[in-house]
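One-letter residues, chain by chain:
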Amino acid sequence: MKLLDWKSQYSVGVESVDFEHRQMIDLINELYTELSERRDPDSIEQFLGDIHSAISMHFALEERIMQEAGYEEFSAHKEDHEDLLDQIRNMMDVFADDTEAGFPELGKRLSDWFGAHFSTFDARLHGKLGAH
Ligand SMILES: [Fe+2]
Ligand SMILES: [Fe+2]
């Protein structure tokens, strides 16, 4: 079972970037599949921690590119990254209380965020500075 499907609104308009973003979504789905096989509180905590670090690593890459280029939208872009990382940390608290209810919620939050962020902040960044 997948947590996220690739959607056309995720596209930033640069093929190689979309490819890397698909890989990130594939990784989230892989982690989710692993989790579905062993649904216990420890693995849920591990799953969210792994998602958090995979996404953080990707964001760090983008932030380095922006910083090195003196990109003018760096602060606002980084702020939007921080917002998603905060949401994931908040989800950890939700899961601590109710492990069942959290999954559709997490999938929807990630999907909404990727749809909005990729097509705006990332499309502008990669349109201007190229691939990751
Ligand atoms: Fe990216
Ligand atoms: Fe970004």
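Quick note: structure is the one above.
Residue positions are given per chain, counting from 1 as you read along its sequence in written order. Labels follow written order: the first chain is A, the first ligand is 1, and so on. Side-chain atom pairs in this predicted model are given and counted only at pLDDT of 80 or more, local residue features only at pLDDT of at least 70, and totals for whole chains, interfaces and linings cover all residues. Hydrogens and water are ignored here; the side-chain numbers use all heavy atoms of the structure.

Water is not part of the atom set, so a site may look incomplete; the donors themselves are N, O and S atoms within 2.8 Å of the metal, or 3.2 Å for Na, K and Ca. Within the protein, the atoms that donate to the iron ion (ligand 1) are His-21 (NE2), His-58 (NE2), Glu-62 (OE) and His-132 (NE2), at distances of 1.9 to 2.2 Å. Key to geometry: four donors with every angle between 85 and 135 degrees are tetrahedral; four donors are square planar and six octahedral where opposite donors lie over 155 degrees apart and all remaining angles lie between 65 and 115; all other sites are irregular. For the iron ion (ligand 1), the four donor atoms in the first shell make angles of 91 to 129 degrees at the metal, so the coordination geometry reads as tetrahedral. Between consecutive donors of the iron ion (ligand 1), the numbers of intervening residues give the motif H-x36-H-x3-E-x69-H. Here the iron ion (ligand 2) and the iron ion (ligand 1) are spaced 5.2 Å from one another, each receiving a donor from Glu-62.

The next point concerns the pattern of salt bridges. Salt bridge, as used here, is a side-chain nitrogen of Lys or Arg placed within 4 Å of a carboxyl oxygen of Asp or Glu. The final tally for this structure, using the stated rule, is nine salt bridges. A salt bridge links Glu-73 to Arg-124; its shortest N-O distance comes to 2.8 Å. Taken as a pair, Glu-73 in the loop between α2 (41–69) and α3 (74–97) and Arg-124 in helix α4 (residues 102–129) lie far apart in primary sequence, 51 residues in all. Each residue gets one of three labels from its accessible area relative to the maximum for its type: buried under 20%, exposed over 50%, partly exposed in between, using a 1.4 Å probe on protein chains only. Overall, the relative accessible area of 19% leaves Glu-73 in the buried class. The exposure class assigned to Arg-124 is partly exposed, which follows from its relative accessible area of 42%. One salt bridge connects Arg-89 with Asp-86, and the closest N-O pair in it is separated by 2.7 Å. Helix and strand assignments follow DSSP, with helices taken as H or I runs no shorter than four residues and strands as E runs no shorter than two, numbered in order from the N terminus.

The coordination sphere of the iron ion (ligand 2), as far as protein atoms go, consists of Glu-62 (OE), His-77 (NE2), His-81 (NE2), His-117 (NE2) and Asp-122 (OD), spread over 2.0 to 2.2 Å. Going along the chain, you hit the donors of the iron ion (ligand 2) in the pattern E-x14-H-x3-H-x35-H-x4-D.

This paragraph deals with the packing of aromatic side chains. Under the pairing criterion, centres of Phe, Tyr and Trp rings, with the six-membered ring standing for Trp, must be within 6.5 Å; the plane angle then separates stacked pairs below 30 degrees from edge-to-face pairs above 60, leaving the rest tilted. Here the structure, examined in full by the defined rule, presents seven aromatic pairs. Aromatic side chains Tyr-10 and Phe-118 sit 6.0 Å apart centroid to centroid with 85 degrees between the ring planes, which places their arrangement in the edge-to-face category. Remark: Phe-118 occurs in helix α4 and Tyr-10 occurs in the segment before α1 (15–37); sequence separation between them is 108 residues. In terms of burial, Tyr-10 and Phe-118 fall into one category: buried. Take Phe-118: its relative accessible area is 1%, and that puts it in the buried class.

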